[in-house]
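Working through the structure, step by step
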Amino acid sequence: MKRLKDWRTRLHEAVEARRRVPFSFEAGVDCALFVADCINAMTGKDPAAEFRGRYSSDIGAMRVIRNAGFADLADLVSSRLAEIAPVRAQVGDVAFIPDESPFGGALGIVIGEQVACLHVDGIGSVPRTLMTRAFRVP
């Protein structure tokens, strides 16, 4: 997997395509698939292909993660992308923001000093200082 020459434009288009699309496990619109869509846009490779359509709820998503042998979402991501120090994350890299969910946190895409994240009513952003783990998209 390697970023395409026009990856910045493709990333921007992927984020904008989800700007007002609400979070919904049933519709396949969650933080992991948002990040996978962004990676696919930047590289032409879908890192979540094997997971798409295999769950339609938070319980189902967690079951898929655990059945794949991972404790949480960040551990799954770390099996596919190189983990880096959050301060070294650059535009287009994956951020992990901890929360109280069964997943241990949410995924987002670094877009500068902010992280684009999927919220209840579409894409929002949080300060990059909230990320506790980061992963390099080659």
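Above this text is the structure in question.
Not measured: the values here are computed from a predicted model.

Let's talk about helix 2 (residues 31-43)
If you check helix 2, its first and last C-alpha atoms are 18 Å apart, about what 13 residues at 1.5 Å a residue would give, namely 18 Å. Among the 13 residues in helix 2, 11 count as buried, and that is most of the element. Within the span of helix 2, buried status applies to Cys 31, Leu 33, Phe 34, Val 35, Ala 36, Asp 37, Cys 38, Ile 39, Ala 41, Met 42 and Thr 43. Where helix 2 is buried, its residues meet helix 1 (7-17), helix 4 (73-78), strand 2 (94-98), strand 3 (105-110), strand 4 (114-119) and strand 5 (122-127). Gly 44 sits one or two positions beyond helix 2 and adopts a positive phi of about 80°.

Here we look at the packing of helix 1 against helix 2
Close contact between helix 1 and helix 2 brings their axes to 8 Å; oriented N to C, the two are set at 150°. Relative to helix 2, helix 1 is oriented roughly antiparallel. In this structure, the crossing between helix 1 and helix 2 has a hand that is right-handed. Seen from helix 1, the contacting residues are Trp 7, Arg 10, Leu 11, Ala 14 and Val 15; seen from helix 2, they are Phe 34, Asp 37, Cys 38, Ala 41 and Met 42. Across the contact of helix 1 with helix 2, the residue classes break down as eight nonpolar, no polar and two charged.

What counts, and at which threshold
- Residues numbered from 1 in each chain as written.
- Predicted model: local features only at pLDDT ≥ 70, side-chain atom pairs only at ≥ 80, totals over all residues.
- Heavy atoms only, no water.
- Helix = DSSP H or I, 4+ residues; strand = E, 2+ residues; numbered from the N terminus.
- Expected span 1.5 Å × (residues − 1).
- Buried < 20%, exposed > 50% of the residue type's maximum accessible area, 1.4 Å probe, protein only.
- Contact = heavy atoms within 4.5 Å.
- Axes fitted to C-alpha atoms, helices over the stretch in contact; angles between N-to-C directions.
- Parallel < 35°, antiparallel > 145°, perpendicular 65-115°, else oblique.
- Left-handed = near helix turned anticlockwise from the far one by under 90°.
- Nonpolar A, V, L, I, M, F, W, Y, C, P; charged D, E, K, R; others polar.

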